[in-house]
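Examining the three-dimensional arrangement
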Amino acid sequence: MGKFFYNMERKYGKYAIQNLSLILIICYGVGYLLQILAPGFAQYLVLNPYLILHGQVWRLVTWILIPPESLDLITVLMLYFYFSIGTTLERTWGAFRYNVYLFSGMIFTILGSFILYGIAWMEFGEIIENGALTAYDVFTKYASIAVEGKTMLLPAVWFSQISTYYINMSIFLGFAATFPEAQVLLMFIIPIKMKVLGILYAVMLLYSFFMGGIVTKVIIIASLLNFIVFFFTSRNFKRISPAELKRKAEFQKKMRRAQQMGNESQHEGKRVITRHKCSICGRTELDDPNLEFRFCSKCDGNYEYCMDHIYTHEHVKRIVPNAGEQ
């Protein structure tokens, strides 16, 4: 699975959406604004499979605008927290894999809504056939009915419960699994490790799953299936230390700077700009496509070496003049 992600990233990585966490927060902001300016407008955004199959295909996208919580100070702080950890994951995994992670969660949620749609037909199909209610009423009315002495919510109410809440939770679980030793301040006071929060949240999820009804079970499984698939079938299920993250960020920064500057070389009698060039022997990727290059973190400056010289070169150090010589 790790090789699959690698090959996909090489082919389609350039199409990845940057700053996806920020875009998601902006969508919530639009949703909160709509709630304030047009409180009833949210019913036209809900992920309702019945209405989608009857032409309202925009609902496949607009349900993302429905905020996961009511707007208050705690919600604002939580959204900032999700933005922060989401941005960190994007920088750690790369934009492409973070895109795959979030979008797969959204796709699984959409599939889950259609599973609920099928369950609704099994439970309310007889009522529709008897003419007690029309299919339109069953799937669009936000109400409950009494069936054989018990009260049942109509499927329209089921679909209104679908939001990006568990998508946000998958971001949290992804961060906890990637940075289990990272610490956060619970209530801005108590330091606690992410792995502890992750375990506590997993326990809460299991409790909600076993105590909830079929709607809750389907929503939880569908929304968090991306976490299960991504971490248990991928090589990305690993712990990353802050030092490793810093090293990776510095390496990527050097790579971007080198690619922007370019390396001028002679190849087959022509002057060309290459991506890589050994500072010792001058070889580039055009001389040997299998040749690997690395930047040296111990050299002062952006010095790149081929694999024959990365471990044998003399480190370049800047000469710092003494205070009396300045």
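The structure reproduced in this document is the subject of the present report. (Residues numbered from 1 in each chain as written. Predicted model: local features only at pLDDT ≥ 70, side-chain atom pairs only at ≥ 80, totals over all residues. Heavy atoms only, no water.)

1. What to know about helix α5 (residues 73-93)
When the terminal C-alpha atoms of α5 are compared, their 30 Å separation across 21 residues agrees well with the 30 Å that a helix rising 1.5 Å per residue should span. Inspection of α5 places Thr 75, Leu 79, Tyr 82, Ile 85, Gly 86, Thr 87, Leu 89, Glu 90, Thr 92 and Trp 93 among the buried residues, and these make up the whole buried set. Within two residues after α5, Gly 94 carries a phi angle of roughly 100°, on the positive side. (Helix = DSSP H or I, 4+ residues; strand = E, 2+ residues; numbered from the N terminus. Expected span 1.5 Å × (residues − 1). Buried < 20%, exposed > 50% of the residue type's maximum accessible area, 1.4 Å probe, protein only.)

2. A word on helix α2 (residues 20-37)
For the α-helix, the turn length of 3.6 residues means that residues three or four positions removed from each other point alike. In a regular helix each residue adds 1.5 Å, so 18 residues correspond to 26 Å; α2 covers 26 Å between its end C-alpha atoms and thus fits that length. Within α2, the full set of buried residues consists of Leu 20, Ser 21, Leu 24, Cys 27, Tyr 28, Gly 31 and Tyr 32. Buried residues of α2 fall within an arc of 140° about the axis and therefore sit on the same side. In this structure, α2 carries Ile 36 and Leu 37 as exposed residues pointing more than 90 degrees from its buried face. For α2, the secondary structure elements touched by its buried residues are α5, α6 (95-129) and α9 (165-178). (Arc of directions from axis to C-beta. Contact = heavy atoms within 4.5 Å.)

3. What about the nonpolar core?
Residues Leu 116, Phe 124, Phe 139, Tyr 166 and Phe 172 are the most contacted members of the largest nonpolar core, which totals 65 residues. The element contributing the most residues to this core is α6, with 12 residues. Those residues in contact with Leu 116 that sit more than four places away from it in its chain are Trp 158, Phe 159, Ile 162, Ile 214, Val 215, Val 218 and Ile 219. (Core = buried A, V, L, I, M, F, W, Y, C linked by side-chain atoms within 4.5 Å.)

4. Topic: the pattern of salt bridges
Here the structure, examined in full by the defined rule, presents four salt bridges. Put simply, Arg 283 and Asp 308 hold a salt bridge, and the shortest N to O gap is 2.5 Å. With a gap of 25 residues between them, Arg 283 in the loop between β6 (270-274) and β7 (293-295) and Asp 308 in the segment after β8 (304-306) connect regions that are remote in the sequence. On the accessibility criterion, Asp 308 (47% relative accessible area) is partly exposed. Among the salt bridges present, the one from Glu 292 reaches Arg 294, with a minimum N-O distance of 3.4 Å. (Salt bridge = Lys/Arg side-chain N within 4 Å of Asp/Glu carboxyl O.)

5. Re the side chain of Asn 226
The residue Asn 226 is located in helix α11 (residues 214-232) in this model. Beyond its immediate sequence surroundings of up to four residues, Asn 226 is in contact with Tyr 101, Ser 104, Gly 105, Phe 108 and Ser 170.

6. Describing the packing of α9 against helix α10 (residues 194-211)
Where α9 contacts α10, the two axes come as close as 9 Å, and the packing angle between them is 140°. Our classification of the angle between α9 and α10 gives oblique. Regarding α9 and α10, the two cross each other, and that crossing is left-handed. Of the residues in α10, those in contact with Tyr 166, Met 169, Phe 172, Leu 173, Phe 175 and Ala 176 of α9 are Met 194, Leu 197, Gly 198, Tyr 201 and Leu 205. (Axes fitted to C-alpha atoms, helices over the stretch in contact; angles between N-to-C directions. Parallel < 35°, antiparallel > 145°, perpendicular 65-115°, else oblique. Left-handed = near helix turned anticlockwise from the far one by under 90°.)

7. Considering the packing of aromatic side chains
Applying the stated criterion across every chain yields a total of 14 aromatic pairs. Aromatic pair Trp 93 and Tyr 101: ring centres 5.1 Å apart, planes at 80°, arrangement edge-to-face. Under the relative-accessibility criterion, Tyr 101 is labelled buried at 0%. Linked through ring pairs, Tyr 50, Tyr 117, Trp 121 and Phe 139 together constitute an aromatic cluster. When the ring centre of Phe 209 is taken as reference, the NZ or CZ atom of Lys 217 above it lies at 5.5 Å. (Phe/Tyr/Trp six-rings, centres within 6.5 Å; stacked < 30°, edge-to-face > 60°. Lys NZ or Arg CZ within 6 Å of the ring centre and 35° of its normal.)

8. A closer look at empty space enclosed by the protein
Scanning the model with the defined rule gives one cavity of 30 Å³ or more in all. Empty space within the largest cavity amounts to approximately 40 Å³. If you trace the largest cavity, you find it lined by Thr 109, Gly 112, Ser 113, Leu 116, Ile 162, Val 218, Ile 219, Ala 222 and Ser 223. Every element with two or more residues in the lining of the largest cavity is listed here: α6 and α11. By residue class, the composition of the lining of the largest cavity is five nonpolar, four polar and no charged. (1 Å grid on protein atoms, 1.4 Å probe; cavity = no way out; pocket = protein on both sides within 12 Å on 5 of 7 lines; lining within 4 Å. Points joined across faces, edges and corners; volume = space filled by probe spheres on them. Nonpolar A, V, L, I, M, F, W, Y, C, P; charged D, E, K, R; others polar.)

9. Observations regarding a nonpolar patch on the surface
A cluster of nonpolar side chains, Leu 33, Ile 36, Leu 37, Leu 71, Leu 73, Ile 74, Val 76, Leu 77 and Met 78, forms an exposed patch at the surface whose accessible area comes to about 910 Å². Contributions of two or more residues to the nonpolar patch are made by α2 and α5. The greatest single-element share of the nonpolar patch, amounting to five residues, is contributed by α5. Tracing the sequence through the fold places Leu 37 in helix α2. (Patch = residues over 30% accessible without salt bridge, like charges linked within 9 Å, V, L, I, M, F, W, Y side chains within 5 Å. Areas by Shrake-Rupley, 256 points an atom, 1.4 Å probe, with all protein chains shown as cover.)

10. Regarding the packing of α5 against α6
Close contact between α5 and α6 brings their axes to 6 Å; oriented N to C, the two are set at 125°. By the angle between their directions, the pair α5 and α6 is classed as oblique. When α5 is examined against α6, the residues Gly 86, Leu 89, Glu 90 and Trp 93 are found in contact with a partner set consisting of Ala 95, Arg 97, Tyr 98 and Tyr 101. Split into classes, the residues belonging to the contact of α5 with α6 amount to five nonpolar, one polar and two charged.

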